[in-house]
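Residue strings, one per chain:
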Amino acid sequence: MCGIVGGVAQRDVAEILIEGLRRLEYRGYDSAGLAVVHDGEITRLRRLGKVKALAEAAEQCDTSGGTGIAHTRWATHGEPSEANAHPHMSGEKIALVHNGIIENHSALRRQLQSEGYHFSSDTDTEVIAHLVDLELKNSDSLLEATQKAVSQLEGAYGTVVFDKDNADKIVVARSGSPLVIGLGIGENFVASDQLALLPVTRRFIFLEEGDVAEISRRDVKIFDEHGKQVKRDIHESDVHYDAGDKGPYRHYMLKEIHEQPQSINDTLEGRLNDQGVVLQSFGSNAESLLKEVKNIQIVACGTSYHSGLVARYWIEAMCGLPCQVEIASEFRYRQTVVPEDSLLITISQSGETADTLAALRKAKAEGFLASLAICNVAGSSLVRESDMAFLTRAGTEIGVASTKAFTTQLVALAMLVSAVSQVKGSGDCSHLRRDLEHLPALIEQNLKLADSIEALAEEFADKHHALFLGRGDQYPIAMEGALKLKEISYIHAEAYAAGELKHGPLALIDADMPIIVVAPNNELLEKLKSNVEEVRARGGVLYVFADEDAEFESDDTMRVITVPSMNNWLSPIVYTLPLQLLSYYVAIIKGTDVDQPRNLAKSVTVE
Ligand code: M6R
């Protein structure tokens, strides 16, 4: 979750590191710190809170030095505090940053304390710094010491370390947490995400699991998990960092909500043809693989999991294939039975979510026919490790609450449904392309609901709980609406399949808990209406998002918001928009940090 940047250059690196941290702040924002070395002395600066505080502190002191490391933290072990902020040091000699979790840190801490090491933080990271220092006493180089140290670690790490007495090199190690090396001219860098290094280079090496590398100004030496020196490919990046500017919007989240017509358009661009969907969009061998698929298993986390849940309704109804959907953190540790010719689909905005990656790696040993990643980040671990990949083109998503990533995932999954229907000949697909093409304009129309939803949001300001209801493929949309509301407004919200109400949750209904209903005019509308009446009969206050022809009427206990929709299988995508806007405007009224809500991070690279 934490962000890491490091560099070895002739010029001073502090500013480069701080700019890199700004770009990685979405990963964690509890504290930030840097350490640079100059004339054999380390300058370390750490601040609680966001990178801004660190940048201000850096302006007040001398941070010159050509070798440095920096970090933005999402606390796992030890509260957010300056003492727990990275970099951590061993004596005045070793400085180290780390992303991940060291599971055997308690045992290592005891062992190091018995060797005379003093700990100044509650973090698991500090053990790595002392361990490197200990191993350095019996090693010829920092590289060797780091290799020996990481071989004793259990858990996940992306770590970068330097020794002030040999400050022309930094050593980096990756296992379970991503690291990318940025190649400059006469200078080299490392980061947990290439976004951090785009101001200084576009040439990247993605480290693989178990790699340890020694980086100097003119050289990069990489060693694999067996200690054998290896060559890794250099990639020329075409990634754009387009998040610098919020434009006219107050928050990235609002900007990203409004970008959805464009990001959906981009995701469709060049991928539709007369047959429906260009099959190669899923990979060069997609056609032959999809023909063989008899079962689909989807694995993802959070919002991405919700898009998988919608897809299950589509896949089973339109492709006639069985489909299971599971949260990655459960799937990865469960003994699973894999039906013959199963396709594994992982869905992730970042492509670095630890549980989703672990699920993919577990599945590789379990006899799946193939794996397909639906992902927003080219070059991410998930994309590189999957057999096939479909890139959503949402552009960089900075707001922690996922919006445009979600709707483009749904578009990707809708295209997959079209592709499978095409290759299997399972029904008439002619309307699928047409429906997809109409989508951006419809989303644009839904954005016009912003003003009325902003007014509605006032009614949620003093609420502590909310219930979201949906049926069929709108049930996952209700789940997504509830997740958005709790994530950024801190109002406790849950979603229920409306038919399940009478099996317990009806007991919660009173005038203090708003009930939000997603009600397109589909085959389940009449059933949903009965559920709505059950709530009204018990004094519940309802907010119903409905198609114009769904025939709900506003009164004292029910507010109806008409959603411009097209009444077809893609309506879950359309109904997502008003719920995103609702959570955004409620959060504004509550005064929360919309883009970086408390306790969260954009990319969850620890389990
Ligand atoms: O990058 P991923 O899509 O794998 O991330 C999965 C979840 O962490 C993410 O969707 C999370 O639930 C969002 N913050 C929700 O808005």
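Just so you know, these numbers come straight off a predicted model, no measurement behind them. Per chain, residues are indexed from 1 in the order of the written sequence. In keeping with the predicted nature of the model, local features appear solely for residues at pLDDT of at least 70, side-chain atom pairs appear and are counted solely at 80 or more, and the whole-chain, interface and lining totals rest on all residues. Heavy atoms from the whole structure form the basis of all side-chain values; hydrogens and water molecules are not counted.

Thoughts on a negative patch on the surface
Note that patches include only residues with greater than 30% relative accessible area and no salt bridge, and the join distances are 9 Å for like charges and 5 Å for nonpolar side chains (Val, Leu, Ile, Met, Phe, Trp, Tyr). Exposure was quantified through the Shrake-Rupley algorithm and a 1.4 Å probe, taking into account, for residues, occlusion by the shown protein chains and nothing else. Take a side-chain nitrogen of Lys or Arg and a carboxyl oxygen of Asp or Glu: if they are within 4 Å of each other, that pair is a salt bridge. Charge counting follows a simple rule: Lys and Arg are positive, Asp and Glu are negative, and His as well as the terminal groups are ignored. Think of each charge as sitting on NZ of Lys, CZ of Arg, CG of Asp or CD of Glu. A grouping of Asp12, Glu15, Glu59 and Asp62 is seen on the molecular surface, where their side chains present a negatively charged patch. Here Glu15 shows up in helix α1 (residues 14-24). Among the residues examined, Glu15 registers a relative accessible area of 70% and is labelled exposed. Runs of E in the DSSP output that reach at least two residues are strands. Runs of H or I that reach at least four are helices, and both are numbered from the N terminus. Note on classification: 1.4 Å probe, protein chains only; a residue is buried when its accessible area is under 20% of the maximum for its type, exposed when over 50%, partly exposed between these limits.

A word on the packing of aromatic side chains
A pair of Phe, Tyr and Trp rings is counted when the ring centres sit within 6.5 Å of each other, with Trp represented by its six-membered ring. The angle between the planes then sorts it: under 30 degrees is stacked, over 60 is edge-to-face, the rest tilted. According to the stated counting rule, one finds 4 aromatic pairs in the structure shown. Measuring from centroid to centroid gives 5.2 Å for Trp314 and Trp569, while their planes differ by 70°, and the two rings are edge-to-face. Of this pair, Trp314 sits in helix α9 (residues 302-319) while Trp569 sits in the loop between β27 (558-562) and α18 (571-590), and the two are 255 residues apart along the sequence. An identical accessibility class is assigned to Trp314 and Trp569; each is buried. A ring pair is formed by Tyr584 and Tyr585, whose centres lie 5.1 Å apart and whose planes are at 80°; its orientation type is edge-to-face.

A short note on the site of the ligand
Near the ligand, the surroundings consist of 15 residues, among which Ser304, Ser348, Gln349, Thr353 and Glu487 are the closest. Ser350 has a polar side-chain atom sitting 2.7 Å from an oxygen atom of the ligand. Here a polar contact is recorded for every N or O atom pair within 3.5 Å, except that within protein the pair must consist of a potential hydrogen donor and a potential acceptor, and residues adjacent in sequence are included only if both atoms are side-chain atoms. Interatomic distance of 3.0 Å between a side-chain N/O atom of Lys484 and an oxygen atom of the ligand. When the ligand is considered free in solution it has 410 Å² of accessible area, and contact with the protein chains removes 91% of it. Using a grid of 1 Å spacing that covers the protein atoms alone, one calls a set of points a cavity when a 1.4 Å probe fits there but cannot get out, and a pocket when the set is open and has protein on both sides within 12 Å along at least five of seven lines; lining residues are those with an atom within 4 Å of a point. Assignment of a molecule to a cavity or pocket requires that more than half of its atoms lie within 2 Å of the corresponding grid points. Applying the majority rule of atoms within 2 Å of the grid points places the ligand in the second largest pocket. Mapped by element, the contributors of at least two residues to the shell around the ligand are α9 and α16 (475-489). Under the convention adopted here, Pro, Cys and the residues Ala, Val, Leu, Ile, Met, Phe, Trp and Tyr are nonpolar, Asp, Glu, Lys and Arg are charged, and Gly plus all remaining residues are polar. Looking at side-chain class alone, the shell around the ligand contains 5 nonpolar, 8 polar and 2 charged residues. Only heavy atoms are used to decide nearness, and a residue is near a molecule or strand if one of them lies within 4 Å of it.

Some thoughts on the packing of helix α13 (residues 404-424) against helix α14 (residues 430-447)
The angle between the axes and the distance between the axes are what describe a pair of packed helices. A fitted line through C-alpha atoms represents every axis, and for helices the fit uses only the stretch in contact; the resulting angles, taken between N-to-C directions, go from 0 to 180 degrees. Packing of α13 against α14 brings their axes to within 10 Å, and their N-to-C directions diverge by 165°. When the interaxial angle is binned, α13 and α14 end up roughly antiparallel. Crossing geometry of α13 relative to α14 is assigned as left-handed. For the pair α13 and α14, contact is made by Val411, Ala414, Met415, Ser418 and Ser421 and by Leu432, Leu436 and Leu439, respectively. Per-class residue counts for the contact of α13 with α14 are 6 nonpolar, 2 polar and no charged. Between 65 and 115 degrees an angle is taken as roughly perpendicular, under 35 as roughly parallel, over 145 as roughly antiparallel, and anywhere else as oblique. Crossing handedness is defined as follows: a turn of the near helix away from the far one that is anticlockwise and smaller than a right angle gives a left-handed crossing, while the clockwise case is right-handed. We call two residues in contact whenever any of their non-hydrogen atoms come within 4.5 Å of each other.

What to know about unusual backbone geometry
Cis geometry is found at the peptide bond from His86 to Pro87, where omega equals -5°. With a phi close to 65°, Tyr490 is a non-glycine residue in the positive phi region. Tracing the sequence through the fold places Tyr490 in the loop between α16 and β24 (492-497). The backbone phi angle of Asn599 is positive, close to 70°, even though this residue is not glycine. Judged by its relative accessible area of 58%, Asn599 is exposed.

Considering the sheet that holds strand β18 (residues 295-300)
Strand order in the open sheet formed by 5 strands is β19-β18-β20-β21-β22, and the pairing between neighbours is parallel. With one partner strand each, in any of the chains shown, β19 (323-327) and β22 (388-391) form the two edges of the open sheet. Taking the axes of each pair of neighbouring strands and ignoring which way they run, one obtains an average angle of 20° across the sheet. For two strands to pair, DSSP has to find at least two bridges joining them. For β18 and strand β20 (residues 342-348), the ladder comprises 6 bridges, and the chain directions are parallel. In the strand pairing of β20, Asn295 is matched with Ser342. Sheet contacts for helix α11 (residues 354-364): β18, β20 and β21 (370-375); angle to β20, the most-contacted strand, approximately 165°. The strands touched by α13 are β20, β21 and β22; relative to β20, the strand with the most contacts, the crossing angle is about 160°.

A word on the layout of surface pockets
The computed volume of the largest pocket comes to approximately 690 Å³. Lining the largest pocket are 33 residues, with Val239, Asn376, Val377, Ala378 and Thr396 positioned closest to its centre. Split into classes, the residues belonging to the lining of the largest pocket amount to 11 nonpolar, 12 polar and 10 charged. Surrounding the second largest pocket, 27 residues form its lining, Cys301, Gly302, Thr303, Lys602 and Val604 being those nearest its centre. Grid points are joined across faces, edges and corners, and a volume is the space filled by probe spheres set on the points.

Notes on helix α15 (residues 450-457)
Every buried residue of α15 is listed here: Ala450, Ile453, Leu456 and Ala457. Angularly, the buried residues of α15 cover 120° about the axis, an arc narrow enough to put them on a single face. Within this analysis, the arc is defined by the directions that extend from the helix axis to the C-beta atoms.

Describing the pairing of strand β25 (residues 514-519)
Remember that side chains alternate between the two faces of the sheet whenever the strand is regular. Burial of β25 is extensive: 6 of the 6 residues sit out of reach of the surface. Going residue by residue along β25, you find Pro514, Ile516 and Val518 tucked away on one face and Ile515, Val517 and Ala519 tucked away on the opposite face as well. Two strands pair when backbone bridges link them, and strand β23 (residues 465-470) and β25 are joined in this way by 3 bridges, in the parallel orientation. Note that in β25 the partner of Leu467 across the bridge is Ile515. In terms of handedness, the path from β25 via helix α17 (residues 525-536) over to strand β26 (residues 541-546) forms a crossover that is right-handed. Whether a crossover is right-handed comes down to one check: with the strands pointing away from the viewer, does the path from the first strand over the helix to the second run clockwise; if it does, it is right-handed.

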